[in-house]
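For reference, the chains in residue letters:
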Amino acid sequence: MLARILGSGRRSFKSLSEQEVLALAISSEEDDARIYLAYADHLRDDFPQSARVFEEMAEEESVHRARLIERHKTRFGDRIPLIRREHVRGFYERKPDWLVRNQSIDKIRLTAEEMEAQAHNFYLAAAARTEDADTRKLLGDLALAEKSHESLARRLGLEHTPEDVQAEEAQTDRRKFILTYVQPGLAGLMDGSVSTLAPIFATAFATGDTWTTFLVGLSASVGAGISMGFTEAAHDDGVISGRGSPLKRGLASGIMTAIGGLGHALPYLIPDFTIATTVAIAVVFVELWAIAWIQNHWMDTPWSRAIFQVVLGGALVFAAGLLIGNA
């Protein structure tokens, strides 16, 4: 385990023979082609144009691989040594495609461009290490292919994703983000911020004890967060509605619910009741403003309606808490 962490079990790039450099290039092209095809499969339903981009990138990587294999057969025969990028110390690594799938489409494109920049640098270093003229020319040609027009991802993007298509894909990406994260998170923040007002302030004015109020607020916030999270995750698997992973939606809703309640519960850690209540009320105003801003920015709700809904709902629940607490 320690050897893996320190990289002592890996070869240095300078120690590789020309045959091993070719073998490393072959395995790298194979890996990159698989990654691009995985991206294409992931994007095909929602972003068919970009999926085609990655399919063509995979095709070009396969062409590179075939040229490298032919060169290896010419110089060293049919037996290709088993050497991969993880066997070489300091060599660039590839993130598993499942770590990138959940990112935005622009982030995936950027990752592809970074992959090609790394491949370009590798081929330059590999070409500098070979003395065979034909092999050196091949590696140099592949370096130029990876670098041409700044990146294959950008070049194919211009061909297959013109501005109108990219705008449509960006809108689809935004919609998925809203359905998976913003909408359940907003519902949780509203529930946590508004529904806990009554029990927290009722306890505060009924007892005048900050610690008791904090415990009530903590339990109400955490309990509401767990309930909202499970409810969101259980009531819709996202397959038909297209709202995304139930786990992600459940986490967004549950976490934001807890945050919404804890916002005005935490001030009661302040021992002074008057100061704690003043800070808690100020936090409530901040929470309500944040809810109105999210509604306006992400849900396209007019400011006037968003503020009216939030202020009216918050005022009614806050008033209920005062009346019950002073009863």
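Residues numbered from 1 in each chain as written. Predicted model: local features only at pLDDT ≥ 70, side-chain atom pairs only at ≥ 80, totals over all residues. Heavy atoms only, no water.

Below, the discussion takes up the overall build of the protein chain. Across its full length, the protein chain carries 13 helices and two strands. The burial tally for the protein chain puts 42% of its 327 residues in the buried class. Sequence-distant contacts in the protein chain: of pairs separated by 6 or more residues, those separated by 24 or more amount to 74%. Approximately 17300 Å² of the protein chain is accessible, and the part contributed by carbon and sulfur atoms is 62%. (Helix = DSSP H or I, 4+ residues; strand = E, 2+ residues; numbered from the N terminus. Buried < 20%, exposed > 50% of the residue type's maximum accessible area, 1.4 Å probe, protein only. Contact = heavy atoms within 4.5 Å. Areas by Shrake-Rupley, 256 points an atom, 1.4 Å probe, with all protein chains shown as cover.)

Now for the pattern of salt bridges. Any two side chains of opposite charge can pair, on the condition that their charged atoms come close. A complete count under the given rule lists 17 salt bridges for this structure. Between D31 and R34 there is a salt bridge, and its shortest N-O distance comes to 3.3 Å. Within this pair, D31 and its partner R34 are both found in helix α2 (residues 18–43), separated by three residues, close to a single helical turn. One salt-bridge network, held together by shared partners, links D41, R44, R52, E55, E56 and E59. (Salt bridge = Lys/Arg side-chain N within 4 Å of Asp/Glu carboxyl O.)

As annotated by UniProt and renumbered to match this structure, "transmembrane region" (unreviewed entry) occupies residues 250–269, 275–294 and 306–325. The straight-line gap between the two end C-alpha atoms of residues 250–269 is 29 Å; of that span, 70% is helix and 0% is strand. Secondary structure content for residues 275–294 is 100% helix and 0% strand, while the C-alpha to C-alpha distance between its ends is 29 Å. (UniProt positions renumbered as here; feature names shortened; annotations may be inferred.)

One broad trend across soluble globular proteins is that nonpolar side chains are buried collectively. With 23 residues, the main nonpolar core has F13, L24, L68, F122 and Y123 as its most contacted residues. Looking at this core, the elements with two or more residues in it are α2, α3 (48–76), α5 (105–129) and α6 (133–147). Look past the residues within four positions of Y123 in its chain and what remains in contact with it is A25, E29, L68, L139, L142, A143 and E146. (Core = buried A, V, L, I, M, F, W, Y, C linked by side-chain atoms within 4.5 Å.)

What follows deals with the packing of aromatic side chains. Using the criterion set out here, one finds nine aromatic pairs in the structure. An aromatic cluster is present here, built from F13, F122 and Y123 joined pairwise through their rings. Over the ring of F13 we find R129; its NZ or CZ atom is 5.7 Å from the centre of that ring. (Phe/Tyr/Trp six-rings, centres within 6.5 Å; stacked < 30°, edge-to-face > 60°. Lys NZ or Arg CZ within 6 Å of the ring centre and 35° of its normal.)

Packing of α5 against α6 leaves a shortest axis separation of 8 Å and a crossing angle of 160 degrees. For the element pair α5 / α6, the angle class is roughly antiparallel. Like other packed secondary-structure pairs, α5 and α6 cross with a definite hand, here left-handed. Two secondary-structure elements touch here, α5 through E116, A119, H120, Y123, L124, A126, A127 and A128 and α6 through R136, L139, G140, L142, A143, E146 and K147. Residues of the contact of α5 with α6, tallied by class, amount to nine nonpolar, two polar and four charged. (Axes fitted to C-alpha atoms, helices over the stretch in contact; angles between N-to-C directions. Parallel < 35°, antiparallel > 145°, perpendicular 65-115°, else oblique. Left-handed = near helix turned anticlockwise from the far one by under 90°. Nonpolar A, V, L, I, M, F, W, Y, C, P; charged D, E, K, R; others polar.)

Turning our attention to the packing of helix α9 (residues 197–207) against helix α12 (residues 273–298). In the contact formed by α9 and α12, the axes pass within 12 Å of each other and the chain directions differ by 165 degrees. The angle between α9 and α12 places the two elements in the roughly antiparallel class. Crossing hand, α9 versus α12: left-handed. Contacts from L197, F201, A204 and F205 in α9 reach F273, T277, A280, I281 and V284 in α12. A per-class count over the contact of α9 with α12 returns eight nonpolar, one polar and no charged.

Below, the discussion takes up the confidence of the model for the protein chain. Averaged over all residues, the pLDDT of the protein chain equals 80, while 82% of them reach at least 70. Segment residues 1–7 is flagged for pLDDT under 50; beyond a separation of four residues in sequence, or across chains, it makes three contacts in the model. (pLDDT = per-residue confidence, 0-100.)

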